[in-house]
Amino acid sequence: PILKKENVPATFFVTTNFIEKNIPLPVDQIEYAINTTEQKNITLEQKGGKEHFTLNTIKNRLGADKTIRSKIKRLPPQQVDMIIDELIRKTGKNLADNLIGSGYEPMTWSDIQEMETNGMTFAAHTVSHPVLSNLSEEEARKEIQNSTATVKQNTKNPLRIFAYPNGGSNDFTPTTY
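All values derive from a computational prediction rather than experimental measurement.

A. Spatial organisation of the overall build of the protein. Within the protein one finds seven helices and four strands. Seen in sequence order, the protein has helices and strands lined up from the N terminus as α-β-α-α-β-β-α-α-α-β-α. Its C-alpha atoms give the protein principal-axis dimensions of about 50 × 40 × 25 Å. Put simply, 69% of the contacts in the protein that link residues at least 6 apart link residues at least 24 apart. Taken as a whole, the protein presents about 10,600 Å² of accessible surface, with 50% of it coming from carbon and sulfur. Distance between charge centroids for the protein: 4 Å, based on 21 positive and 21 negative side chains.

This is how it looks when you write it as structure tokens:
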């Protein structure tokens, strides 16, 4: 609404599972679980040992969020899912169950189409937001192609550009470039 009111164009890169299936991004799930739990301490137990987090201050919560986000960036999606599942169990907070009214709600295709009529543009950003270098060539190709096709199908003028999740030089490979 602010962009529309001020007549400011913008480009949005769409993670299609978030819109189509209301599957929150892992980073949002982490942030929500850490910031809304009443737990003051949690211990995550994964391969490689246990990691303890004290959540009694905002600073500690921010540190836990940063540490967990950093850890998942280099893991395959299955391991990321295991960490998110454990975090949900330990905090008792699942963003997917509380999406509406949480501030994390995704846009809908109707929202996107209305935004397009007001000068906004859209392009693909994968299906599920994995770091592509953590995937096989086939999995990465599916993430890119399926998200691109879905954005193309649901928008009038999709841009022919793509945003890599995380965006660092180690986050894609020559086969995903």
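B. A look at the packing of helix H3 (residues 26–36) against helix H4 (residues 58–72). For the pair H3 and H4, interaxial distance at closest approach is 10 Å and the crossing angle is 155°. When the axis of H3 is compared with that of H4, the two are roughly antiparallel. Like other packed secondary-structure pairs, H3 and H4 cross with a definite hand, here right-handed. Together, Pro26, Val27, Ile30, Glu31, Ile34, Asn35 and Thr36 of H3 and Arg61, Ala64, Asp65, Ile68, Arg69 and Ile72 of H4 make up the contact between the two elements. Class assignment for the residues of the contact of H3 with H4 results in seven nonpolar, two polar and four charged.

C. Here's a closer look at the pattern of salt bridges. Tallying each qualifying case throughout the model produces 10 salt bridges. Across the salt bridge formed by Glu45 and Lys90, the nearest N and O atoms sit 3.7 Å from each other. Of this pair, Glu45 sits in strand E2 (residues 41–46) while Lys90 sits in helix H5 (residues 77–91); the two residues are 45 residues apart in sequence, bridging distant segments of the chain. Look at Glu45 and you get partly exposed, because its relative accessible area is 43%. Of the charged contacts in the structure, one is a salt bridge between Arg74 and Asp171, with a shortest N-O distance of 2.9 Å. One end of the pair, Arg74, is in the loop between H4 and H5; the other, Asp171, is in the segment after helix H7 (137–154), with 97 residues separating them in the sequence. With a relative accessible area of 44%, Arg74 lands in the partly exposed category. Given a relative accessible area of 2%, Asp171 falls into the buried group. Beyond isolated ion pairs, a larger network of salt bridges with shared partners links Glu31, Asp65 and Arg69.

D. Layout of the environment of Val14. Within the secondary structure layout, Val14 lies in strand E1 (residues 11–14). What makes Val14 buried here is its relative accessible area of 4%. The spacing of Val14 and Glu138 is 124 residues in sequence and 20 Å in space, taken between C-alpha atoms.

E. Structural context of H7. Along its 18 residues, H7 runs 26 Å from first to last C-alpha, staying within 8% of the 26 Å computed at 1.5 Å per residue. If you follow the buried residues of H7, they end up packed against E1, helix H2 (16–21), helix H6 (109–117) and strand E4 (121–124).

Cut-offs applied
Residues numbered from 1 in each chain as written. Predicted model: local features only at pLDDT ≥ 70, side-chain atom pairs only at ≥ 80, totals over all residues. Heavy atoms only, no water. Helix = DSSP H or I, 4+ residues; strand = E, 2+ residues; numbered from the N terminus. Contact = heavy atoms within 4.5 Å. Areas by Shrake-Rupley, 256 points an atom, 1.4 Å probe, with all protein chains shown as cover. Lys, Arg positive; Asp, Glu negative; His and termini not counted. Charge placed at Lys NZ, Arg CZ, Asp CG, Glu CD. Axes fitted to C-alpha atoms, helices over the stretch in contact; angles between N-to-C directions. Parallel < 35°, antiparallel > 145°, perpendicular 65-115°, else oblique. Left-handed = near helix turned anticlockwise from the far one by under 90°. Nonpolar A, V, L, I, M, F, W, Y, C, P; charged D, E, K, R; others polar. Salt bridge = Lys/Arg side-chain N within 4 Å of Asp/Glu carboxyl O. Buried < 20%, exposed > 50% of the residue type's maximum accessible area, 1.4 Å probe, protein only. Expected span 1.5 Å × (residues − 1).

Shape is all these values report; function is a separate question.
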